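Residues per chain are reported as follows:
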Amino acid sequence: MSTTKTEKYQPLTEISAIKLVKKLGLFDATEALTAREIGDGNLNLVFHIINDQTNKSIIVKQALPYAKVVGESWPLSLNRATIESNALKQFGAFTPELVPTVYYHDETLAVTVMEDLSHLTISRAGLIQGESYPLLSQHIGSFLGHIAFKTSDFALKPQDKKEEVVKYSNPDLCNITEDLVFTDPFFDIDTNEFEKALRPDVEELWNDGDVKLQAAKLKYKFLTNAQTLIHGDLHTGSIFASSQETKVIDPEFAFYGPFGFDLGQFVANLFLNALSRETNREPLFAHITNTWNVFKDTFTALWHSENTEPFAKDERLLHEILTQTWQDAVGYAGCEIIRRTIGLAHVADLDEISSEERKINAKRTALKIGRYLLLHQQDVSPNEFEHLLR
Ligand code: SR1
Ligand code: MG
């Protein structure tokens, strides 16, 4: 991958995106290309560029200097594009089969050119259609186990790890998570969004000091616990999948954070999908348990084969770290479930339930279970998620 710096930032158009990929030599100057802006996320422009004759295609992603979902009144650092491209490269060094290949990055333009994955489906969309992606948890558990161990102080020299912490300093995007995941849903803030019928449930949450204390403690860990490089936004919309392949995308929220954060967000989004279904929930619960099992086994194997920490010979240290990681993940899952139900950025799994009554019931249950997870971080094992819905 090459990285360059052009002179001045400007948003790409479909025409200038085509010019760029030709200038980079990714296509010949004479090729007839079609470009389409397909970005449906909250923050960026995404161009799909294809030669319709040969079917060769590529993705050009560009960060906008503000949050697209809100507008120019919410400025955001363009450096997130460089963080995303560095994180994809870093993840690719450990689990190349689980991330897209990055071909090019330009810091000033905040542009990353990468492999087109449109033969796959965004896993949230597929899960909503009833897909179950049999390899999803095997792949994500392995991805998380590798990244968590290999970017931690157990694999890196502490001096090198501290440089990585600086390289991945991501204040603007962390601030979004600090507000939208940990703070705003627990207070009466304008950006929260929920149906009128949920107001009594939401007010009960706002008045629950014990739940809020747990959210505050998890937020504080998120702010201070630089344990490992995390993806930072690992919901099912950040994962492409098919029955064979899984690819993690969009790590623009990456920074050094707690071991359990990505796990908790992923588990929460699997759970929200299960909650949205009337039948065939079992594959989702099996994925929750398997994600943890694969994470734990991967992390444990690397701990035994690659650990550079002299204290690591004491197995109790590993046990404590794994126990705490799962308990934190349960708490982070609780925060994610609550914020996706009543905060600024909802999930289609719940919002697109066609019956109004079923939607409100599902959201009410989500709030109840989110609160339960926050209050019972020590008591909920991976295979208990299934029983929470009974
Ligand atoms: C303003 S950004 C809202 C949400 O979209 C991203 O994907 C993150 O989940 C963020 O919290
Ligand atoms: Mg995203």
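Residues numbered from 1 in each chain as written. Chains lettered and ligands numbered in written order. Predicted model: local features only at pLDDT ≥ 70, side-chain atom pairs only at ≥ 80, totals over all residues. Heavy atoms only, no water.

A. Representation of the site of ligand 1 in the model. The environment of ligand 1 is formed by N42, L43, V69, W74, I176, L180, D233, H235, F253, R339, R340 and A345. Here R339 contributes a side-chain N or O atom positioned 2.8 Å from an oxygen atom of ligand 1. The side chain of R340 places a nitrogen or oxygen atom 3.1 Å from an oxygen atom of ligand 1. Elements supplying a minimum of two residues to the shell around ligand 1: α6 (171–183) and α11 (315–342). Residue composition of the shell around ligand 1, by class: seven nonpolar, two polar and three charged. Among the domains, domain 1 (2–115) and domain 2 (121–389) are the pair contributing at least three residues each to the shell around ligand 1. (Near = heavy atom within 4 Å. Polar contact = N/O pair within 3.5 Å; in protein donor to acceptor, adjacent residues only side chain to side chain. Helix = DSSP H or I, 4+ residues; strand = E, 2+ residues; numbered from the N terminus. Nonpolar A, V, L, I, M, F, W, Y, C, P; charged D, E, K, R; others polar. Domains from an automatic or database assignment.)

B. Structural detail: the pattern of salt bridges. Counted by the stated rule, this structure contains 19 salt bridges. Across the pair E252 and R80 runs a salt bridge, and its minimum N-O distance is 3.2 Å. Taken as a pair, E252 in the loop between β12 (246–248) and β13 (255–257) and R80 in helix α2 (residues 79–94) lie far apart in primary sequence, 172 residues in all. Here R371 makes a salt bridge to D208, at a shortest N to O gap of 2.7 Å. (Salt bridge = Lys/Arg side-chain N within 4 Å of Asp/Glu carboxyl O.)

C. Broad picture of the UniProt feature "domain: Aminoglycoside phosphotransferase" (unreviewed entry) in the chain. Look at the UniProt record and you will see "domain: Aminoglycoside phosphotransferase" (unreviewed entry) annotated at residues 35–269. Across residues 35–269 one finds 40% helix and 20% strand; the C-alpha atoms that close the span lie 31 Å apart. (UniProt positions renumbered as here; feature names shortened; annotations may be inferred.)

D. The arrangement of the packing of aromatic side chains in detail. Within the structure shown, the criterion is met by 19 aromatic pairs. Taking the centre distance of 5.2 Å and the plane angle of 75° together, the rings of F261 and Y332 count as edge-to-face. Of the two residues, F261 sits in helix α9 (residues 261–276) while Y332 sits in helix α11, which places them 71 residues apart along the sequence. Assessed through its relative accessible area of 1%, F261 is described here as buried. Judged by relative accessible area, Y332 falls into the buried class, the value being 1%. Lying across the ring of F27, K56 places its NZ or CZ 4.6 Å from the centre. The positively charged end of K212 is found above the aromatic ring belonging to F187, 4.1 Å away from the centroid. (Phe/Tyr/Trp six-rings, centres within 6.5 Å; stacked < 30°, edge-to-face > 60°. Buried < 20%, exposed > 50% of the residue type's maximum accessible area, 1.4 Å probe, protein only. Lys NZ or Arg CZ within 6 Å of the ring centre and 35° of its normal.)

E. Fine view of unusual backbone geometry. With phi around 55°, A110 is a residue other than glycine that occupies positive phi space. Note on placement: A110 falls in the loop between β7 (102–106) and β8 (111–115). Backbone geometry places D250, a non-glycine residue, at a positive phi of 65°. By the secondary structure assignment, D250 is in the loop between β12 and β13. The class of D250 is partly exposed, set by a relative accessible area of 23%.

F. Geometry of the packing of helix α4 (residues 136–150) against α9. Two numbers describe how α4 lies on α9: the axes approach to 11 Å, and their chain directions differ by 165°. Accordingly, the angle class assigned to the pair α4 and α9 is roughly antiparallel. Our pair here, α4 against α9, has a crossing hand that is right-handed. Along its contact with α4, which presents L136, I140 and L144, the element α9 presents D262, L263, F266 and L270. (Axes fitted to C-alpha atoms, helices over the stretch in contact; angles between N-to-C directions. Parallel < 35°, antiparallel > 145°, perpendicular 65-115°, else oblique. Left-handed = near helix turned anticlockwise from the far one by under 90°. Contact = heavy atoms within 4.5 Å.)

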